[in-house]
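Listed here are the chains, written in short residue letters.
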Amino acid sequence: MGSAERLERWESRSEWALAAVAVVFLAVYSVQVLTTPDRGVTNLLNGVMSVLYLVFVVDYVARLILAPQRVRWFLRHLLDLAIVVLPFLRPLRLLRLVVLVKVLHRAGGDAIRGRVAMYTAASAVLLVYVASLAMLETERNAPDSTITNFGTAVWWSITTVT
């Protein structure tokens, strides 16, 4: 079996697991941003985030090792590297949830308009929610910020997306 087939097999086997990890990541990230947990819960959430982070690192390294042309694969996946390495890009790890959107896309029925509408709606809701969390986390404690609660962050996300 060639390395291209091994990479494809890894990606097909890991996509649902990574989507599940992304869902857990979204839940933990939401709790961290939307609540003010006590010190013990914060430590637990940080521990869970560290484990989830390691899963994304293992996936990236495995895909790099399995790639038939590693240098070419590396250059074509610089965003993946940045998402794994740079902490401020951690909300982008939620892009793994696109796998779940694909399932909704398939569930939209045979009509192409139904599929497109389902895919678009799910993607838009996910984008607005994640952008709202990221913006709230970034702006909440900034001096002179107007985005200090989740409702304002959602409004900002909706107006920015539209």
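Residues numbered from 1 in each chain as written. Predicted model: local features only at pLDDT ≥ 70, side-chain atom pairs only at ≥ 80, totals over all residues. Heavy atoms only, no water.

Structural notes on a negative patch on the surface
What counts here: Note on patches: the residues involved have over 30% relative accessible area and no salt bridge, like charges join within 9 Å, and the nonpolar side chains Val, Leu, Ile, Met, Phe, Trp and Tyr join within 5 Å. Every accessible area reported is derived by Shrake-Rupley at a probe size of 1.4 Å, with residue values counting cover from the shown protein chains alone. Throughout this description, the term salt bridge denotes a Lys or Arg side-chain nitrogen within 4 Å of a carboxyl oxygen of Asp or Glu. We count Lys and Arg on the positive side and Asp and Glu on the negative side, and we leave His and both chain ends out. Here the site of a charge means NZ on Lys, CZ on Arg, CG on Asp, or CD on Glu. Helix numbers and strand numbers start at the N terminus; a helix is a DSSP run of H or I with at least 4 residues, a strand a run of E with at least 2. Each residue is assigned to one of three classes by its accessible area relative to the maximum for its type, calculated with a 1.4 Å probe on protein chains only: buried under 20%, partly exposed between the two thresholds, exposed over 50%.
On the surface, a cluster of negative charge is contributed by Glu5, Glu8, Glu11 and Glu15. Within the fold, Glu15 resides in helix H1 (residues 3-34). What makes Glu15 partly exposed here is its relative accessible area of 30%.

Examining unusual backbone geometry
A negative phi holds for most residues other than glycine; trans holds for most peptide bonds. Backbone geometry places Asp144, a non-glycine residue, at a positive phi of 60°. Among the secondary structure elements, Asp144 is positioned in the loop between helix H6 (112-139) and helix H7 (150-161).

Side note on H1
Heads up, the rule is: Expected span of a helix, by definition, is 1.5 Å for each gap between consecutive residues, and there is one gap fewer than residues. Bending is quantified residue by residue as the angle between axes fitted to the seven-residue window ending at that residue and the seven-residue window starting at it.
The first and last C-alpha atoms of H1 sit 43 Å apart over 32 residues, in line with the 46 Å expected at 1.5 Å per residue. Of all bends in H1, the biggest is about 40°, found at Ser14.

Thoughts on the packing of aromatic side chains
Where two aromatic rings form a pair, the distance of their centres and the angle of their planes describe that pair. We apply this condition: Geometry of aromatic contacts follows a simple scheme: Phe, Tyr and Trp rings, the Trp one being its six-membered ring, pair when their centres are within 6.5 Å, and the pair is stacked under 30 degrees between planes, edge-to-face over 60, tilted otherwise.
Following the criterion strictly, the structure yields four aromatic pairs and no others. Each ring, one from Phe25 and one from Phe56, has its centre 6.4 Å from the other, and the planes form 90°; the classification is edge-to-face. Within this pair, whereas Phe25 is found in helix H1, its partner Phe56 is found in helix H2 (residues 39-66), the two being separated by 31 residues in sequence. Centroid distance Tyr129 to Phe150: 5.8 Å. Interplanar angle 70°. Geometry classified as edge-to-face. Taken together, the positions of Tyr129 in helix H6 and Phe150 in helix H7 put the pair 21 residues apart, joining distant regions of the chain. Residue classification places Phe150 among the partly exposed positions, given a relative accessible area of 26%.

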